[in-house]
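Structure assessment
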Amino acid sequence: MTITIRQLHPHFFGEVSGVDLRKPLTPQEARDIEAGMDKYAVLLFRNQDITDEQQMAFALNFGDRENPRGGNVTKQEDYRLTSGLNDVSNLGKDGKPLPRDHRAHLFNLGNCLWHSDSSFRPIPAKFSLLSARLVNPKGGNTEFADMRAAYDALDDDTKAEIEDLICEHSLMYSRGSLGFVDYTEEEKQMFKPVLQRLVRTHPAHGRKSLYLSSHAGAILGMTVPEARLLLRDLTEHATQPEFVYVHKWTLHDLVMWDNRQTMHRVRRYDQSQPRDMRRATVAGTEPTVAQQAAE
Ligand code: OGA
Ligand code: MN
């Protein structure tokens, strides 16, 4: 079968057909999908009833698995998934929705803010692959924004102003903006800010993107209020409807996005009902700021 991709938004987002993710990809299929990612930035695969192992095997066609350590406040012994996938559900180890005031649940609500995965790591994520195992009855759409198109649409003065700016990213900034401010000493150490360029260039096609994320909370050489206002203005610009695609989930959809050229967020949903989403994360290969190479 040959892979075909149909574009669903004027700027980005493709729907793929002609591939079965339960089976190993041929080298040609892997190349076609990677080229599709470069071009469309987000790809949707429908009707993929896969296991955690099949999802991870598919992800590993595109790079190494990202080490999930340091990305949440869930204790190792409370992990529901042991397959190496990131648990993006609202469920506890017992398979039931976490209580509304559960600390890990409150922390995970940060996914409702526009972000790019792992921008809080010195080497941020390349691709994320999210599989819908149980769809919530109310809300829970995931929205994607094309950060190349958003960059292109900036005026020349703004492009010149931001070209070389370096931001500080931390999970404490994104969660702090929702009022989640209490961390253990160990978490403070784990969530120490890292540096990221505000404008990044895609390694495959050379287009520039706005590298924004709710994790960004400061800009080097700028006062915090000034930096946050600039980040807010740019985020408001980048998430206008013309740059955004809204994905409404169907059971067994798999959506794969390039964190180097998109942002995403999940919309609020019914927390009394389960939503089981599982993510495989492909590690990035280089930092956006050279001196940050060592972790
Ligand atoms: C993620 C994420 C959004 C969602 O998996 O990185 O932000 O729809 N999830 O759950
Ligand atoms: Mn995310």
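This part takes up the site of ligand 1. Taken together, V88, N111, H115, D117, L130, T142, W257, H264, V266, R275 and R279 form the complete shell of residues around ligand 1. At a separation of 2.8 Å, an oxygen atom of ligand 1 approaches a polar side-chain atom of R275. Look at ligand 1: alone it shows 290 Å² of surface, and the protein chains cover 99% of it. Grouping the constituent residues of the shell around ligand 1 by class yields four nonpolar, four polar and three charged.

What the three strands build is an open sheet, ordered β12-β6-β14; its pairing is antiparallel. Of all the strands in the sheet, just β12 (244–247) and β14 (262–266) have a single pairing partner and so form its edges. Between one strand and the next, the sheet's axes are offset by a mean angle of 20°, whatever the strand orientation. With four bridges connecting them, strand β6 (residues 142–146) and β12 associate as antiparallel partners. Bridge assignment links T142 to a residue of β12, and that residue is H247.

Taking 1.5 Å of rise per residue, 14 residues should cover 20 Å, and helix α1 (residues 27–40) covers 20 Å from first to last C-alpha, within 8% of that figure. Of the positions making up α1, those classed as buried are E29, A30, I33, G36, M37, D38 and Y40.

This part is about the packing of aromatic side chains. Going through the model one piece at a time under the given rule, you end up with 11 aromatic pairs. With centroids separated by 6.4 Å and ring planes inclined at 90°, the aromatic side chains of F12 and F13 adopt a geometry described as edge-to-face. Here F12 and F13 have matching classes, each one buried. Arranged with centres 6.0 Å apart and planes meeting at 85°, the rings of Y183 and F191 form a pair that is edge-to-face. We note that Y183, like F191, is buried.

Spatial ordering of the open sheet is given by β8-β7-β11, a layout of three strands whose pairing is antiparallel. The open sheet has two edge strands with one neighbour each: β8 (194–197) and β11 (216–219). Across the sheet, the axes of successive neighbouring strands diverge by a mean angle of 40°, strand direction being ignored. Pairing geometry for strand β7 (residues 166–169) and β8, over four bridges, is antiparallel. By the bridge assignment for β8, H169 is matched with V194. Most of the contacts of helix α8 (residues 224–238) go to β11, to which it runs at about 125°, and overall it touches β7 and β11.

Take the pairing of β14 next. With five of five residues buried, β14 is to be regarded as a mostly interior element. Residues T262, H264 and V266 of β14 are buried on one face, and the alternating residues M263 and R265, pointing to the opposite face, are buried as well. Two strands pair when backbone bridges link them, and β6 and β14 are joined in this way by five bridges, in the antiparallel orientation. Counterpart to T142 in the pairing with β14 is V266.

Thresholds applied
- Residues numbered from 1 in each chain as written.
- Chains lettered and ligands numbered in written order.
- Predicted model: local features only at pLDDT ≥ 70, side-chain atom pairs only at ≥ 80, totals over all residues.
- Heavy atoms only, no water.
- Near = heavy atom within 4 Å.
- Polar contact = N/O pair within 3.5 Å; in protein donor to acceptor, adjacent residues only side chain to side chain.
- Areas by Shrake-Rupley, 256 points an atom, 1.4 Å probe, with all protein chains shown as cover.
- Nonpolar A, V, L, I, M, F, W, Y, C, P; charged D, E, K, R; others polar.
- Pairing = 2+ DSSP bridges.
- Helix = DSSP H or I, 4+ residues; strand = E, 2+ residues; numbered from the N terminus.
- Axes fitted to C-alpha atoms, helices over the stretch in contact; angles between N-to-C directions.
- Expected span 1.5 Å × (residues − 1).
- Buried < 20%, exposed > 50% of the residue type's maximum accessible area, 1.4 Å probe, protein only.
- Phe/Tyr/Trp six-rings, centres within 6.5 Å; stacked < 30°, edge-to-face > 60°.
- Contact = heavy atoms within 4.5 Å.

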